[in-house]
Amino acid sequence: KQTFNEAVKAYNQHEAAKDWDDKTCKQTADLFMDASKEQQGGLAVAVFNAGLVYKRCGMHDEAKGKFKEALQMDANYSAPRIALANYVYEAGDVSRAESMYQDAIKGAPLALESVEAYVNLAQIQRNKTTGTRDKNQDDALKNLRRALAIDAQSMPAFTEMAYLYLDMAEKEKAYLALAEVVCVQATKIDPNHAPIYNAWGLLKMRQGEIIDALKYFEKAY
């Protein structure tokens, strides 16, 4: 436990100082791996955190290796499964990523780390929409509500919900009002989250309020 705490402390210090380099990355990741070795059978969360360190430093092959190792240690641990799904999603294999997010959620539907999976799954579902209200939009909305039920302050969930309502307003303009409610709520939680202001700017353009749209785009910038 002491070594794990030392590793967390080192991570937080380097994150605050923004002094990550190859040396500090390896040292911090090694500390997490040492913490895992101290536990009989290993400590999956420590191995996963070593992966996070490597990812933070842009060492993606090493990061994926640690995520896979953590998952081998604990097949029910959703965090590394979601982290690997993110890589698949970023690589453009949307169908496989969708399946991986669903598997991760099934294993831990109420876990805090599942919030990211719910949001990304909602984004995939929203992007499947043909432009009119359909089941994909309904499923996306359900997943975003699940995400916010777990973390009521999730800015990615609020942002994705704003975009979803904007899409739904293509068919029913009443959803523009809901999109604005989401933007207002979100900025009360985090007044400096750029993506929500971008969504708000797009909303104002849809409403024909160009001056306000420019204001929100500038705020996002």
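The coordinates are above.
Residues numbered from 1 in each chain as written. Predicted model: local features only at pLDDT ≥ 70, side-chain atom pairs only at ≥ 80, totals over all residues. Heavy atoms only, no water.

Colleague: Requested: an account of the overall build of the protein, with residues and values cited.
Modeller: Assigned secondary structure in the protein consists of 12 helices and zero strands. Its helices and strands in sequence order give the protein the pattern α-α-α-α-α-α-α-α-α-α-α-α, from N to C terminus. Along the first, second and third principal axes, the C-alpha set of the protein runs to 60 × 35 × 30 Å. In the protein, which comprises 221 residues, the share counted as buried stands at 45%. Looking at the protein as shown, the accessible area adds up to about 11,800 Å², and 51% of this sits on carbon and sulfur atoms. Side-chain charges of the protein comprise 28 positive and 31 negative groups, with the mean position of each set lying 3 Å from the other. (Helix = DSSP H or I, 4+ residues; strand = E, 2+ residues; numbered from the N terminus. Buried < 20%, exposed > 50% of the residue type's maximum accessible area, 1.4 Å probe, protein only. Areas by Shrake-Rupley, 256 points an atom, 1.4 Å probe, with all protein chains shown as cover. Lys, Arg positive; Asp, Glu negative; His and termini not counted. Charge placed at Lys NZ, Arg CZ, Asp CG, Glu CD.)

Colleague: If you had to explain the state of the cysteines to someone new, which residues and values would you point to?
Modeller: What is meant by a disulfide is a covalent connection between two cysteines, made through their sulfur atoms. For the structure shown, the criterion picks out one disulfide. Note on cysteine connectivity: Cys 25 is disulfide-linked to Cys 57, with sulfurs 1.5 Å apart. An S-S torsion of about -85 degrees defines the bridge between Cys 25 and Cys 57 as left-handed. Residue Cys 25 is located in helix α2 (residues 22-37), and its partner Cys 57 is located in the loop between α3 (44-56) and α4 (60-73); the two are separated by 32 residues in the primary sequence. (Disulfide = S-S within 2.5 Å.)

Colleague: Which residues make up the nonpolar core, and what values go with them?
Modeller: Counting residues in hydrophobic clusters, the biggest one holds 68 residues, and the most contacted among them are Phe 48, Phe 67, Tyr 101, Leu 144, Met 161, Tyr 165 and Ile 196. By residue number, the principal contributor to this core is helix α9 (residues 155-168), which donates nine residues. Each residue touching Leu 144, except ones within four places of it in the same chain, is listed here: Val 119, Ala 122, Ala 157, Glu 160, Met 161 and Leu 164. (Core = buried A, V, L, I, M, F, W, Y, C linked by side-chain atoms within 4.5 Å. Contact = heavy atoms within 4.5 Å.)

Colleague: So what's going on with α2? Residues and values would help.
Modeller: Counted at 1.5 Å a residue, the expected span for α2 with its 16 residues is 22 Å, and the 22 Å between its end C-alpha atoms agrees. Along α2, the residues that are buried comprise Thr 24, Cys 25, Thr 28, Ala 29, Phe 32, Met 33, Ala 35 and Ser 36. On its buried face, α2 sits against α1 (2-17), α3 and α4. By the N-cap criterion, in which a side-chain oxygen at the helix start approaches the backbone nitrogen of a residue two or three places on, α2 is capped by Asp 21, the distance to Lys 23 being 3.0 Å. (Expected span 1.5 Å × (residues − 1). Polar contact = N/O pair within 3.5 Å; in protein donor to acceptor, adjacent residues only side chain to side chain.)

Colleague: Lay out the pattern of salt bridges in plain terms, naming residues and giving numbers.
Modeller: Going through the model one piece at a time under the given rule, you end up with 12 salt bridges. Note that Glu 15 and Lys 18 form a salt bridge whose closest N and O atoms lie 3.3 Å from each other. A residue is classified by how much of its surface remains accessible, and Lys 18, at 56% relative accessible area, is exposed. Among the ionic pairs, Lys 128 bridges to Glu 98, the shortest N-O distance being 3.0 Å. On the criterion of sequence distance, the pair formed by Lys 128 in the loop between α7 (114-127) and α8 (135-150) and Glu 98 in helix α6 (residues 94-107) is long-range, its members being 30 residues apart. Each of the salt bridges in this network shares a partner with another, and the network as a whole consists of Glu 15, Lys 18 and Arg 56. (Salt bridge = Lys/Arg side-chain N within 4 Å of Asp/Glu carboxyl O.)

Colleague: How would you summarise the packing of α2 against α3 if you had to cite specific residues and measurements?
Modeller: The packing of two helices is summarised by the inter-axis angle and the distance between the axes. At a minimum axis distance of 8 Å, the contact between α2 and α3 shows a crossing angle of 170 degrees. For the element pair α2 / α3, the angle class is roughly antiparallel. In this structure, α2 uses Cys 25, Thr 28, Ala 29, Asp 30, Phe 32, Met 33, Ala 35 and Ser 36 to contact α3, whose residues at the interface are Ala 46, Val 47, Asn 49, Ala 50, Val 53 and Tyr 54. (Axes fitted to C-alpha atoms, helices over the stretch in contact; angles between N-to-C directions. Parallel < 35°, antiparallel > 145°, perpendicular 65-115°, else oblique.)

Colleague: Give a detailed account of the packing of α7 against α8, specifying residues and quantitative values.
Modeller: The geometry of α7 relative to α8 is characterised by a closest axis approach of 8 Å and an angle of 165 degrees between their N-to-C directions. Between α7 and α8, the angle falls in the class roughly antiparallel. Crossing of α7 against α8: the hand is left-handed. For the pair formed by α7 and α8, the contact residues are Val 115, Tyr 118, Val 119, Leu 121, Ala 122, Gln 125 and Arg 126 on the first element and Asn 136, Asp 139, Ala 140, Asn 143, Leu 144, Arg 146, Ala 147 and Ile 150 on the second. (Left-handed = near helix turned anticlockwise from the far one by under 90°.)

Colleague: How would you summarise a nonpolar patch on the surface if you had to cite specific residues and measurements?
Modeller: Side chains of Leu 202, Met 205 and Ile 210 sit close together on the surface and give an oily, nonpolar patch of about 270 Å² of accessible area. Mapped onto the elements of the fold, Met 205 is located in helix α11 (residues 194-206). (Patch = residues over 30% accessible without salt bridge, like charges linked within 9 Å, V, L, I, M, F, W, Y side chains within 5 Å.)

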